[in-house]
Amino acid sequence: MNKLQRPDTDMDWSLVEKIAADFAANGMVVSWLHEMGEPTLYPRLAEAVDLFPGCSVSTNAMKLDEEMGHKLLASSLGRLRLCIDTLNPKVYPIVRRGGVFEKVAARIRRFLEISKGSSMRVEIQKMITLQTATETVAQFEEFFDIANYPQAIIIEKTCEGLDTTDETELHESFYGCFQGYPFRWFVVLADGTVTHCCYDANGLQPIGDMKEQTVQEILASDVIPRYMDAFKKKDWQALPRCGECYSNATGKKVVVDQIQQLGHKLDRIAPVKKIARKIINR
């Protein structure tokens, strides 16, 4: 995140352990073991995974060498998402700044080999951007020979604007909330700040602090009801990060992207476009 407004730091290990104990006591399961950033840079990643059994990790795969791969396979990691995003080496540096396409592709292929037969779900991410719109899931499956790796699947993700709702080289302008109702998440940032939205990378809308509070104390405070009321009233002064997502009134509604994403998923299950072409050709 080249525009990150909070300190660029790792979470202290003592805080990781505190959060793990508190979550376990409340029956909370971690979906993703990170919020933005690159989790493979964390020196105790495999140990952290084992504090949150079955969690998921998403990586750009630049540091996913064989040693790292074996450590993750020996952990309780339930899902590893490998974000190569495109098969076009010319587009790749635009989508993944600082990455090296050939290196990432080779490391993904090697991880597919060493993870074969494991119970871990391996997802290879195809990003839907303005530049990658013509790329298909089938092309990704062929490129990585997915038929030989039953633990692996190609997934698609729409390119969502994290810093702006205006049109960029990657995505069209948009308007509205990607997460639906805003309180589906309990995101703990590296300094312990808790926010209710995974797009709030800077912690502009904190609901608590895991350094000083427990989960129950955060949930029982008056902050969440105040935020919920502000969201219903579209009070973007109280919710500046939400206001950013609603600032571009001329943009495409978020629901359009969600419908398009669903269409891609359905097309993968039943090749609607191919069937339609056959009917038209008749």
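Just above, that's the structure.
Residues numbered from 1 in each chain as written. Predicted model: local features only at pLDDT ≥ 70, side-chain atom pairs only at ≥ 80, totals over all residues. Heavy atoms only, no water.

## Examining the sheet that holds strand β6 (residues 187-188)
Strand order in the open sheet made by the 3 strands is β6-β7-β8, with antiparallel pairing throughout. Unpaired on one side and paired on the other, β6 and β8 (206-209) mark the two borders of the sheet. Bridge count for strand β7 (residues 193-195) against β8 is 3 bridges, and the pairing is antiparallel. Bridge assignment links T193 to a residue of β8, and that residue is D209. (Pairing = 2+ DSSP bridges. Helix = DSSP H or I, 4+ residues; strand = E, 2+ residues; numbered from the N terminus.)

## Examining the environment of S14
With respect to the secondary-structure elements, S14 resides in helix α1 (residues 13-25). For the pair S14 and K211, spaced 197 residues apart in sequence, the C-alpha to C-alpha distance is 9.6 Å.

## Notes on the packing of aromatic side chains
With the rule as written, the count across this model stands at 9 aromatic pairs. The interplanar angle of 85° and the centroid separation of 4.9 Å between the aromatic rings of F143 and F144 together place this pair among those described as edge-to-face. Assessed through its relative accessible area of 27%, F143 is described here as partly exposed. Owing to a relative accessible area of 2%, F144 belongs among the buried residues under this scheme. With a centroid separation of 5.9 Å and an interplanar angle of 70°, the aromatic rings of F231 and W236 are classed as edge-to-face. A relative accessible area of 11% means that F231 is categorised as buried. Three or more aromatic residues link up through ring pairs in this structure, and these residues are Y92, F101, F143 and F144. Above the face of the W13 ring, R44 is positioned so that its terminal group lies 4.0 Å from the ring centre. Directly above the aromatic system of F143 lies the positively charged group of R109, at a separation of 4.3 Å from the ring centroid. (Phe/Tyr/Trp six-rings, centres within 6.5 Å; stacked < 30°, edge-to-face > 60°. Buried < 20%, exposed > 50% of the residue type's maximum accessible area, 1.4 Å probe, protein only. Lys NZ or Arg CZ within 6 Å of the ring centre and 35° of its normal.)

## Focus on empty space enclosed by the protein
Over the atoms rolls a probe the size of a water molecule, and its path tells where empty space is left. All chains considered together, the criterion is met by 1 cavity of 30 Å³ or more. Its boundaries defined by the atoms lining it, the largest cavity holds a volume of some 100 Å³. Around the largest cavity, the lining is made up of 11 residues, and of these C177, C197, Y199, C242 and C245 lie nearest the centre. Tallying contributions element by element places helix α9 (residues 240-245) first for the lining of the largest cavity, with 3 residues. Class assignment for the residues of the lining of the largest cavity results in 9 nonpolar, 1 polar and 1 charged. (1 Å grid on protein atoms, 1.4 Å probe; cavity = no way out; pocket = protein on both sides within 12 Å on 5 of 7 lines; lining within 4 Å. Points joined across faces, edges and corners; volume = space filled by probe spheres on them. Nonpolar A, V, L, I, M, F, W, Y, C, P; charged D, E, K, R; others polar.)

## Regarding the pairing of strand β3 (residues 121-128)
Summarising burial for β3: 7 of the 8 residues are buried, a large majority. The pairing of strand β2 (residues 79-85) with β3 spans 6 bridges and is parallel. Counted as the bridge partner of L80 is V122 from β3. One ladder, built from 7 bridges, connects β3 with strand β4 (residues 152-158); its direction is parallel. By the bridge assignment for β4, I128 is matched with T158.

## A short note on unusual backbone geometry
Positive phi outside glycine occurs at D85, with the angle close to 75°. Note on placement: D85 falls in strand β2. Under the relative-accessibility criterion, D85 is labelled buried at 0%. The phi angle at D145 is positive, at roughly 55°, despite the residue not being glycine. Of the residues examined, D145 reaches a relative accessible area of 37% and is grouped as partly exposed.

## Points about the pairing of β4
Consecutive side chains along a regular strand alternate between the two faces of the sheet. By the criterion of burial, β4 is predominantly enclosed, with 5 of the 7 residues buried. Considered for its hand, the β-α-β crossover made up of β3, helix α6 (residues 137-143) and β4 is right-handed. (Right-handed = clockwise from strand over helix to strand, strands pointing away.)

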